[in-house]
There are 4 protein chains.
Amino acid sequence: MEPHEKTSEWDSLLVRYQMVRQKTEELVAPLVIEDYGVQTMADVSPPKWHLSHTTWFFETFVLAPTGVPQFHPHYRYLFNSYYETVGQFWPRNQRGWLSRPTVAEVFVYRHAVDERIEKMLRGLSSEDFRDILPTVVLGLNHEQQHQELLLTDILYNFSVNPLKPLYRETRLGDKSPPPEAQWISFAGGLQPIGYDGRGFCFDNETPRHQEWLDPYQLQDRLVTNEEFLAFMTDGGYENPALWLSAGWQMVQEFGWKAPLYWSFEDGEWCEFSLGGMRPISWNGPVQHVSYFEADAYARWAGARLPRESEWEVAAGSVSVDEGTFLDSRRLTPNAVKGATDGRLRQMFGELWQWTQSSYSPYPGYYPTSGALGEYNGKFMSGQQVLRGGSCVTPADHIRPTYRNFFPPNARWQFSGIRLARDAHD
Amino acid sequence: MEPHEKTSEWDSLLVRYQMVRQKTEELVAPLVIEDYGVQTMADVSPPKWHLSHTTWFFETFVLAPTGVPQFHPHYRYLFNSYYETVGQFWPRNQRGWLSRPTVAEVFVYRHAVDERIEKMLRGLSSEDFRDILPTVVLGLNHEQQHQELLLTDILYNFSVNPLKPLYRETRLGDKSPPPEAQWISFAGGLQPIGYDGRGFCFDNETPRHQEWLDPYQLQDRLVTNEEFLAFMTDGGYENPALWLSAGWQMVQEFGWKAPLYWSFEDGEWCEFSLGGMRPISWNGPVQHVSYFEADAYARWAGARLPRESEWEVAAGSVSVDEGTFLDSRRLTPNAVKGATDGRLRQMFGELWQWTQSSYSPYPGYYPTSGALGEYNGKFMSGQQVLRGGSCVTPADHIRPTYRNFFPPNARWQFSGIRLARDAHD
Amino acid sequence: MEPHEKTSEWDSLLVRYQMVRQKTEELVAPLVIEDYGVQTMADVSPPKWHLSHTTWFFETFVLAPTGVPQFHPHYRYLFNSYYETVGQFWPRNQRGWLSRPTVAEVFVYRHAVDERIEKMLRGLSSEDFRDILPTVVLGLNHEQQHQELLLTDILYNFSVNPLKPLYRETRLGDKSPPPEAQWISFAGGLQPIGYDGRGFCFDNETPRHQEWLDPYQLQDRLVTNEEFLAFMTDGGYENPALWLSAGWQMVQEFGWKAPLYWSFEDGEWCEFSLGGMRPISWNGPVQHVSYFEADAYARWAGARLPRESEWEVAAGSVSVDEGTFLDSRRLTPNAVKGATDGRLRQMFGELWQWTQSSYSPYPGYYPTSGALGEYNGKFMSGQQVLRGGSCVTPADHIRPTYRNFFPPNARWQFSGIRLARDAHD
Amino acid sequence: MEPHEKTSEWDSLLVRYQMVRQKTEELVAPLVIEDYGVQTMADVSPPKWHLSHTTWFFETFVLAPTGVPQFHPHYRYLFNSYYETVGQFWPRNQRGWLSRPTVAEVFVYRHAVDERIEKMLRGLSSEDFRDILPTVVLGLNHEQQHQELLLTDILYNFSVNPLKPLYRETRLGDKSPPPEAQWISFAGGLQPIGYDGRGFCFDNETPRHQEWLDPYQLQDRLVTNEEFLAFMTDGGYENPALWLSAGWQMVQEFGWKAPLYWSFEDGEWCEFSLGGMRPISWNGPVQHVSYFEADAYARWAGARLPRESEWEVAAGSVSVDEGTFLDSRRLTPNAVKGATDGRLRQMFGELWQWTQSSYSPYPGYYPTSGALGEYNGKFMSGQQVLRGGSCVTPADHIRPTYRNFFPPNARWQFSGIRLARDAHD
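Residues numbered from 1 in each chain as written. Chains lettered and ligands numbered in written order. Predicted model: local features only at pLDDT ≥ 70, side-chain atom pairs only at ≥ 80, totals over all residues. Heavy atoms only, no water.

Next up on the list: the pattern of salt bridges. If you walk through the whole model with that rule in mind, you get 92 salt bridges over all chains. Between Glu312 of chain C and Arg387 of chain C there is a salt bridge; the shortest N-O distance is 2.8 Å. In this pair, Glu312 of chain C is assigned in helix H9 (residues 308-315) and Arg387 of chain C in strand S9 (residues 384-387), connecting sequence segments 75 residues apart. The pair Glu312 of chain C / Arg387 of chain C is uniform in exposure class, with both members buried. In this structure, a network of salt bridges that share partners links the residues Arg21, Glu25, Arg110, Asp114 and Glu143 of chain A. (Salt bridge = Lys/Arg side-chain N within 4 Å of Asp/Glu carboxyl O. Helix = DSSP H or I, 4+ residues; strand = E, 2+ residues; numbered from the N terminus. Buried < 20%, exposed > 50% of the residue type's maximum accessible area, 1.4 Å probe, protein only.)

Dropping the structure here:
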């Protein structure tokens, strides 16, 4: 390898490292100190914890193996999320108990690790650089996942506060009604699924393998708030025949009556958002629904949710760049604009789309070896796959083969609904 | 249709009805009155409830639609399991609260409904008979499922009692060690999966459809108690790296250290069974393990669990008649006997085999319409498929396409482990 | 001691032993086998358990110390209620899990212990008889407590069953309205409280000591169902200002709206009882209310509950024989009959009367030494004292100094309300 | 009333108001912003909430009745603790969910209310001043209670953090061993109990009334850490015979093995404190024990806890000024110093002393009318009385008749043990 090559590859990684790390800090800029420590349910982490844990990831998986000493003796424990191989971890549902380290101390930790990473990277031989590169890249993708979670969790934390804090002013979507949804047909057949070898992927997207698909159809856009309201008005939340049994239990136990952030105030349906409380944008896609709600809606509509393979094959025809991502700073999904044109729309960005597929290993899948094998594989039980990214996903983080996963009752993610049906319907 | 045809079809159904109903009553014959009402966990039903609920099924879905009045005004509510369409139901975890109706009254109920069913069947026109036949047959298959559950639940109820009651004397398995397990290879490819049109099936086995399978291998027999002990001795229950995250939580929360009914007494591992407490039969297949344990064992063994499609394709080469079923009255799985011969063994009977497949709808699946659509479809969330039947399954109840399903933490079923791996391993 | 004396004392104890033990068995005679094993909440014990535990008491505390071998190796564990000194015990909330021993086996146990007790007693020297007498008498009083609990628990078990089983036909109370309640005045002053040395007592009634009482008044009869209905109609269950904080939590958490066994059916308030479901007897005393309800009612009525010392001093003026006890076989409290006469009525029998006194040790109290010290003393936390006995208390079991105790939220006891107030009111 | 009198009374109240309010703010000065919002158990409130709630008290009970408009529309709800009469309140166990209002906003709220209170007070007529004075004084005493709770809760919040934050450097106690405890005798007899009319009191200290006391003895000092260690070493936490039944349940359920903040580190018992983690001061009084532990210790020591009347009568002989209070800024109880002199020591300040008395109304007690009647009376169930104040109680807040109360399992208060026994022992 020539010196100038080294320079360019090194520089490229360093630039990307700095940009991603910087982006995370930009996302918390609108917060006041008090916002950083709050945890209002077990699935949510305090913003401060996200800042620390992403740093811990680089320290534990990049620095520690090269012998760099720990920044702080307790952080290995406090900011470990769930890596049993690394050791014990502070209980997940008690992350909000820790007033210390302070926000300032957390930033000191971040910057110290940044400095060490940059120093270490600069000092590497080409060979060592090759060895460590995948872990650094994984760490950056990991941090991007937490960028989305940061906003998702801030929204939830704010939503339970009667003062309804504002994260940032946002613009509401288009007022013009979206075109009627159209069904787009796909022939199915024996199809390649999974990571195609280009760029980064998580281990759960591998190996590329074949799946047989019967002919199917997808709707060309996401289900809108207006369509979902029709489900509600038709008694969707009161009719057990529309629901999976486990979903119906949720409806009854938690009194679900509408998507997570909807409330009926002064004769009008409103939605709490990162932009504060505001009237529902009826043309926009319905968001913050669980798999159970998506599934019940689909049944009510005489359709079903797509399998993840169906979604992935269909997504092959669409450019990833089209959607609304974190980079747009809109923080809210866009309504479909313009006339129907026979193409799939809103496949990327906007909202994660629940699929009918439970989160399982692909044929031939093996987790990464070592502690990082715990990243994805051990969660392949009791979760559903979501596809496509959302308006709070970094644009360069998403790809057609990307598999997100959450429990079927999760509602606080930026999740929406795309309908599917068998082609012979 | 000719009269003599009617006679023979009628008679055949009636004979089968009587045999199945009679079989259920034989199964409870070893019980004392006190045993009929006990419920020691929410997933277990008292024997009395099984007797009533299977009767309720015929009354509700066969008799009621033809206008036959209810036997008792409260039974529609008390013995409804989960059919929201039928109406409210007594809470599942409170089935053990009801000393009344008495056992004798439950038998009176059974026999009254039997009489009404038989009378009704005899009086039907050919056309009406055709209409009602599927529901009666469904009711019989439903009752056979509860025959297995009866024994499963009796075993659990007895197991928690320090007096360790005996259901019935049983014989222990063969003392000769089983042959080393062999891997049998399957080519995979595009394969038909699901109900093939012959005989009865539940709606969840439909429609027949194609699935692509990569080449794979299955072990020719089930994992034995001796093999599972090696997993335990090797720290299997202490090593989180072997477990799914949700499984590891169970291990910690409930202190799992061995299969459900094992206990270490006086220096020896014993197992509680329908035949009472007895030494482990080391050659016999390990039973009463959860999906999480089966999955952890497979990982420890450098293998994985089969997908249900892999299992089904492989099972096509095996006769359903070979295994140990309820009809044998053994109540315990047999050890493999005789030398290896390149064929799959213990595929049917013996123990339900956990698969890697979550319980999901087949492509093109639609539940039966009406209340009976709640039979299977609404449980397609959070459960794993098991295949093959067990030593407490009626022999004529099982078939290669049969899909049983339980939550991944369920241990009280007669469930065991068959290993699979990718062919290129 | 002369021989004839021995004979008479011996005989007297034996006769009493046989009568009490026989009485218990009479109380379960109306049950069917299925009723004996049911436990519908943690505080309730299955009838079978009461039969066994009272027997266990004699076996453990009378027979075992004299070297009589155990009847069954597991019973010491299974039928121990809470005596840590004796050893471990089967979990209280799982008493309904045990179908075995059967009812028949429990009776065999009872009769075997009866035989051993009788044989042992007959064989004792005078000295040994003197030694053992207090424990036998304690065992008989213990069994009498369980006679009441048997009925209390049977009622609760039956009440949750939609079939509303009948324990035994009972007569409703008098239809004539009771006289207006009158206040009876007591001077107070320095008063002796506690066991006066005559007959049997539990250790918690000792020692006799002095307490200072300010002048006070008690109502001459219990609060009636009609009076309690006025409280309900006036929004008593909706007004937090009437309730202790912990009581108001109960109201909200459990949706209390009326006394435990009341239900509003077909336009009429009904009450479930050992005599089945029946219209409220408006003249009868309100029963099955918690301390919290009694306290809230008293506050609503501008009064308070009596302190236990006030109650005891007042009770000195009343004959214990007057009330309705178990011996009457009425199983339901009587309404007051006849005109007011300036005397306290319904002080004994009818219903236990909640007092404002928490269950605490008397000055100078020390528990019995040894395991029997656990009988009463260790429960002196978090409970309220009730006085007077009820319609299901054996008549010869009660006395003015008797201290019953239950947690303030307990409703399934035969508990009612007597009002008190300061004399200067 | 003469003008100059008004001036002096007005001024005196204003000065006291300012001092108390200022004191609260001084107590939070050592905190960083992040510390203000944390709530690590339901019984603990975030420091920010204490600051707001005490302000809410003045706003709600002093300003609002005079027509002063609300400072903020949501605060009436958010900072109401438990006053049902005032309206609904934010759930107690979710006080840590609120990042907003910020700490700065809370201080703005405090100072705005301070300004309004001072303005209002200055503007009052003598008559109106007389009317409002008791409520202002109550508010100041209320704020003093929260000063203690602030420190108590900060300590708990800090204690669960592995970083073991320091509130403020404190000095350890004397190293010289305390003198052997002596028993001081009291004659008992008919004694006046309760508020004697001098100065402020809470309604639960009224009315003054008589109680009869048998002769009794109190130990002249509190139980030390060294003495408590002897209890531990002797198996105190493993012996159920020493415990109340409800206490033994706590020991088992929560694994109590030592006082709340003790931990065994590097071969040494340490204690977490407001001064950080430090070795146990063996001469100092044992602190942060529950009633159950205090009661078990007393039983082990062959003694008992005092009744509150016994404590109060004995305390009459002692000056309130002697102990360690908040004002000393020690934040930790002092060991007894100097030789025994036949007098009671450590009666005030140091640690709250658990009494055997459950928290009940005094004879003739009636709560204050209106919402403020909820201050004390509604908690008279399920709690135990503590007496004497602690090292974090303001010195001018305590008096001999003061009744503090907590549930018997509470350990996070500054609570200790004084032994009592009957005089004839």
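Back to the text.
Counting residues at the interface gives 28 residues for chain A and 28 residues for chain D. Across the chain A/chain D interface, buried area totals approximately 2400 Å², and carbon plus sulfur atoms make up 65% of it. The largest share of the area that chain A buries against chain D comes from Glu34, Trp97 and Arg100 of chain A, three residues that together contribute 29% of it. Linking chain A with chain D are two salt bridges. Between Arg100 of chain D and Asp35 of chain A there is a salt bridge; the shortest N-O distance is 2.5 Å. Between chain A and chain D we count 10 residue pairs in polar contact (both at pLDDT 80 or more) in total. If you list the elements that add at least two residues to the side of chain A that touches chain D, you get helix H3 (75-78) and helix H4 (103-122) of chain A. In terms of residue class, the side of chain A that touches chain D is made up of 16 nonpolar, eight polar and four charged. (Contact = heavy atoms within 4.5 Å. Buried area = accessible area lost by both parts, 1.4 Å probe. Polar contact = N/O pair within 3.5 Å; in protein donor to acceptor, adjacent residues only side chain to side chain. Nonpolar A, V, L, I, M, F, W, Y, C, P; charged D, E, K, R; others polar.)

Next up on the list: the confidence of the model for chain A. Of the residues in chain A, 98% reach a pLDDT of 70 or more, and the chain-wide mean stands at 95. Reported confidences for the modelled complex are a pTM of 0.96 and an ipTM of 0.95. (pLDDT = per-residue confidence, 0-100.)

On to the interface of chain D and chain C, then. Size of an interface: often given as the accessible area lost when the parts come together. Listed by partner, the interface residues are 30 residues for chain D and 30 residues for chain C. Approximately 2400 Å² of surface area, both sides summed, lies buried where chain D meets chain C, with 52% of it carried by carbon and sulfur atoms. The interface formed by chain D and chain C includes zero salt bridges. Across the chain D-chain C interface, the total number found is six residue pairs in polar contact (both at pLDDT 80 or more). Mapped onto the side of chain D that touches chain C, the elements with two or more residues apiece are strand S3 (209-213), helix H7 (245-254) and strand S8 (352-358) of chain D. With four residues, S3 of chain D is the largest single contributor of residues to the side of chain D that touches chain C. Residues of the side of chain D that touches chain C, tallied by class, amount to 15 nonpolar, eight polar and seven charged.

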